[in-house]
Amino acid sequence: MSSHREAPEIAKDPVADSADLYAFVSPDHPDTVTLIANYVPLQLPSGGPNFFEFGDDVRYEIHIDNDGDGYPDVTYRFEFRTEITNPNSFLYNTGPIESLDSKNWNRRQFYRLTRVADGKEHVLAHKLPCPPCNVGPLSTPKYHDLVRQATFRLSTGEKVFAGQRADGFFVDLGGIFDLGTLRPFQQLHVAGKKIFKAEGEPVNALDRMNVHSIAVQVPLSRVRRKAARYGAADRAATIGVWTSASRQQVRVLGDRVAADTAAGPFTQVSRLGNPLFNEVIVPMSKKDLWNTLPPSEDKRFARFVEQPELAALLPALYPGVFPNLDALNKSKKPRADLVAILLTGIPAGLIDGFTNATGDVQADMLRLNTAIRPIRKPDRFGVLGGDLAGFPNGRRVGDDVVSIALRAIAGVTVPLVDKAFRPDAAAAAVTPGLSAADVTAPFLGGFPFLGTPYDGFSNPPVAGS
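Only a predicted model underlies this, so the values are computations on that prediction, with no experimental measurement involved. (Residues numbered from 1 in each chain as written. Predicted model: local features only at pLDDT ≥ 70, side-chain atom pairs only at ≥ 80, totals over all residues. Heavy atoms only, no water.)

Trainee: What should I look at first to understand the pairing of strand β3 (residues 58-65) in this one?
Mentor: In the case of a regular strand, side chains alternate between the two sheet surfaces. Counting buried positions along β3 gives eight out of eight residues, so the element sits mostly inside the fold. The pairing of β3 with strand β12 (residues 238-252) spans eight bridges and is classified as antiparallel. Bridge assignment links H63 to a residue of β12, and that residue is W242. Alignment of β3 against strand β4 (residues 74-84), held across six bridges, turns out to be antiparallel. Its bridge partner being in β4, Y60 is matched across the sheet by F78. (Buried < 20%, exposed > 50% of the residue type's maximum accessible area, 1.4 Å probe, protein only. Helix = DSSP H or I, 4+ residues; strand = E, 2+ residues; numbered from the N terminus. Pairing = 2+ DSSP bridges.)

See the structure below:
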């Protein structure tokens, strides 16, 4: 998964678990950048009587680095508070919820939005409401209207939303974690040999599940640095983005009289930049540590990018299919292509008309060159498909990041830094076999882009779940 339950400790704390991060120039407003961070993953739609929500004791943040040092220059901070309307009812709602101030809605969440820039905190909004969870056609009959009511245009130029959405990440977990079984790939003929280990079609394991999203659409002028001060226009237009969740260091469990309380400074417990970084690059023994550190410390993990474990597993799982990758692995030559993609950005000169480099600091961030405008018909393979507005230049909701990452690790991107290397014929065909078409809730054409969350009445859990 992109970052669902990717580390042992955060798997025990889903409310603070960052699941996916998106950053892209907005196709509906190309003078803005859209930033979306998902939390509380793996939500079954039938969530009652206690429906899913953000944590009142968690600080959620989206960070923007615009000078390449791995530290945030701009941060959007979301802090939530829950209010109960009827303390004597066990129900989430006692009738249809047709507006955000409905008397039928018993448990509401509000949030304060703060922008932190140049060391100063500016509260943009004090009490913005979230929409309810999508309970069902009787409880939330006009859910689109509730989302519209919960989407706000601020006087400072930002558009913001926080609430439940459909999980848009698509992956065949059953195959991938069963020793790398890539079902469609295994039925291809490569170099005259048929790759085959398991029958069956890939299944999107996250389909019909929900997440909670924080989303902000920001004018480009509020995230970029000034070109005149920093030089090259591409460097000025490129930003690094990551999300984090933090908790206060001390928690006192309540007794019969007092409720639980938290105290002390906030400490980071989760973060996410590039999809799959902590999931498949960082080793198990260091995943929890990685979640506590800022991107500026990612030089500690550079060796796992230079020699990724998955690159060594592919030739072992598919004997004779990746001979060139196998030889590259055995040479112990550091994977400079992956370092560029994941840790420094891709420098000018490697891909015609493209760069999203941020400098020499090695940091896991989604790097987005905001000068590259979105195209009318995006290619789901992003930069690998010739679409410079897609992953790893930021990440759009429909980008096939699993296939892109697998193909890069398999060697497709090595020729960017080593013209003599010839990728194996199979490298460009590696895929779990899923796309945005395998997400039941269609993506939206505008903000907040992720689809309408699945409701519990229409999407009951399957037998045995």
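Trainee: I would appreciate a short explanation of the side chain of T355 in the present structure.
Mentor: Tracing the chain through its elements places T355 in the loop between α10 (336-344) and β14 (366-369). A polar side-chain atom of T355 sits 3.4 Å from the main-chain amide nitrogen of A348. Within the structure, the side chain of T355 is placed 3.2 Å from the backbone nitrogen of A357, a separation counted as a polar contact. (Polar contact = N/O pair within 3.5 Å; in protein donor to acceptor, adjacent residues only side chain to side chain.)

Trainee: Help me understand empty space enclosed by the protein, please; the structure alone is not making it clear to me.
Mentor: Rolled over the atoms, a probe with the dimensions of a water molecule shows which regions are left empty. Considering all chains together, one arrives at three cavities of 30 Å³ or more under this definition. Looking at the largest cavity, its volume works out to about 90 Å³. In this structure, the largest cavity is lined by 13 residues; those nearest its centre are F52, E53, Y92, Q109 and P131. If you tally residues by element for the lining of the largest cavity, the top one is strand β5 (residues 107-117), at three residues. In the lining of the largest cavity, the residues fall into seven nonpolar, three polar and three charged. (1 Å grid on protein atoms, 1.4 Å probe; cavity = no way out; pocket = protein on both sides within 12 Å on 5 of 7 lines; lining within 4 Å. Points joined across faces, edges and corners; volume = space filled by probe spheres on them. Nonpolar A, V, L, I, M, F, W, Y, C, P; charged D, E, K, R; others polar.)

Trainee: Looking at this structure, I do not really get unusual backbone geometry. What am I missing?
Mentor: Generally, phi is negative for residues other than glycine and the peptide bonds are trans, each holding for most cases. Of note, the bond from F391 into P392 is cis; its omega dihedral lies within 30 degrees of zero at 10°. Within the fold, P392 resides in the loop between β14 and α11 (401-410). One non-glycine residue, L42, lies in positive phi territory at about 60°. One can find L42 in strand β2 (residues 32-43). With a relative accessible area of 29%, L42 lands in the partly exposed category. Phi is positive for K332, close to 60°, though the residue is something other than glycine. Its location among the elements puts K332 in the loop between α9 (323-331) and α10.

Trainee: What exactly am I supposed to notice about the pattern of salt bridges here?
Mentor: Think of it this way: side chains of opposite charge can pair up when their charged atoms draw near. Under the criterion given, the structure shown has 21 salt bridges. Of the charged contacts in the structure, one is a salt bridge between R81 and E83, with a shortest N-O distance of 2.6 Å. Residue R81 is classed as partly exposed on the basis of its relative accessible area, which comes to 44%. A salt bridge links R396 to D387; its shortest N-O distance comes to 2.7 Å. With a relative accessible area of 12%, R396 lands in the buried category. Through salt bridges with shared partners, a single ionic network connects D13, D57 and R247. (Salt bridge = Lys/Arg side-chain N within 4 Å of Asp/Glu carboxyl O.)

Trainee: What's the story with the packing of helix α8 (residues 309-317) against α9 in this structure? I'm lost.
Mentor: Two quantities define a packed helix pair, namely the angle between the helix axes and the distance between the axes. Two elements in contact, α8 and α9, have axes whose closest approach is 9 Å; the angle formed by their N-to-C orientations is 135°. Our classification of the angle between α8 and α9 gives oblique. Considering the relative orientation of α8 and α9, their crossing is left-handed. Residue-level inspection shows A311, A312, L314 and P315 of α8 in contact with α9, the latter providing L325, D326 and N329. Of the residues assigned to the contact of α8 with α9, the class counts are five nonpolar, one polar and one charged. (Axes fitted to C-alpha atoms, helices over the stretch in contact; angles between N-to-C directions. Parallel < 35°, antiparallel > 145°, perpendicular 65-115°, else oblique. Left-handed = near helix turned anticlockwise from the far one by under 90°. Contact = heavy atoms within 4.5 Å.)

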